[in-house]
Amino acid sequence: QVQLVESGGGLVQAGGSLRLSCAASGTTFSGNAIAWYRQAPGKKRELVATIYNSGNTNYQDSVKGRFTISRDNAKNTVYLQMNSLKPEDTAVYYCNKHWGLVRTMWDWGQGTQVTVSS
């Protein structure tokens, strides 16, 4: 059974930084495009950043230049370094496969809450 565990969220002031981690058990990130998603209250879940098996990355326009996604296949972990955080980044953050590239997703983890105060 695949389990995704996101961690590293918290409360931070605008302009601050956080580093999120996503660890997987029961599967391997290697060979998959892995993405970070977020869901703010009352809004749909949205894709924030993707890292491909090649190491190439892609970002939502609103986070370009501020967020960096990376992966450590040996640790089966994907990271999201978030700098210059803004109140609009407040959301629950999740990781999973890139939903546009696969037929089935892994079960979603519990996510990690990021709250940015102004």
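An account of the accompanying structure is given in this report. None of the values given here were measured: they were computed from a predicted structure. (Residues numbered from 1 in each chain as written. Predicted model: local features only at pLDDT ≥ 70, side-chain atom pairs only at ≥ 80, totals over all residues. Heavy atoms only, no water.)

## Notes on the state of the cysteines
Applying the stated rule across the entire model yields one disulfide. The partner cysteine of C22 in its disulfide is C95, sulfur to sulfur 1.7 Å. Taking the sign of the S-S torsion, about 50 degrees here, the bridge from C22 to C95 comes out right-handed. In this pair, C22 is assigned in strand β3 (residues 18-25) and C95 in strand β9 (residues 91-97), connecting sequence segments 73 residues apart. For the pair C22 and C95, one class covers both residues: buried. (Disulfide = S-S within 2.5 Å. Helix = DSSP H or I, 4+ residues; strand = E, 2+ residues; numbered from the N terminus. Buried < 20%, exposed > 50% of the residue type's maximum accessible area, 1.4 Å probe, protein only.)

## Examining the pattern of salt bridges
Applying the stated rule across the entire model yields four salt bridges. A salt bridge links D61 to K64; the nearest nitrogen and oxygen atoms lie 3.0 Å apart. Classification of D61 as exposed rests on a relative accessible area of 60%. One salt bridge in this structure joins D89 and R66, with 2.7 Å as the shortest N-O distance. With D89 in the loop between β8 (77-82) and β9 and R66 in the loop between β6 (57-59) and β7 (67-72), this residue pair connects regions lying 23 residues apart in the sequence. (Salt bridge = Lys/Arg side-chain N within 4 Å of Asp/Glu carboxyl O.)

## Regarding the nonpolar core
F29, W36, F67, I69, L80, M82 and Y93 are the most contacted members of the largest nonpolar core, which totals 27 residues. Within the residue set of this core, elements represented by two or more residues are β3, β4 (34-39), β5 (46-51), β7, β8, β9 and β10 (112-117). Top element by residues in this core is β3. It accounts for four residues. With residues near it in sequence (within four places) discarded, L80 still touches L18, R19, L20, W36, A49, F67, T68, I69 and Y93. (Core = buried A, V, L, I, M, F, W, Y, C linked by side-chain atoms within 4.5 Å. Contact = heavy atoms within 4.5 Å.)

## Brief notes about the packing of aromatic side chains
This structure, assessed with the given rule, holds four aromatic pairs. Note on F29 and W106: the rings are 5.8 Å apart at their centroids and 40 degrees apart in plane angle, and the pair reads as tilted. One end of the pair, F29, is in the loop between β3 and β4; the other, W106, is in the loop between β9 and β10, with 77 residues separating them in the sequence. Residue classification places F29 among the buried positions, given a relative accessible area of 1%. The buried category is assigned to W106, whose relative accessible area is 10%. Aromatic side chains Y37 and W99 sit 4.5 Å apart centroid to centroid with 55 degrees between the ring planes, which places their arrangement in the tilted category. Of this pair, Y37 sits in strand β4 while W99 sits in the loop between β9 and β10; the two residues are 62 residues apart in sequence, bridging distant segments of the chain. Among the aromatic residues, those joined into a ring-pair cluster are Y37, Y94, W99 and W108. (Phe/Tyr/Trp six-rings, centres within 6.5 Å; stacked < 30°, edge-to-face > 60°.)

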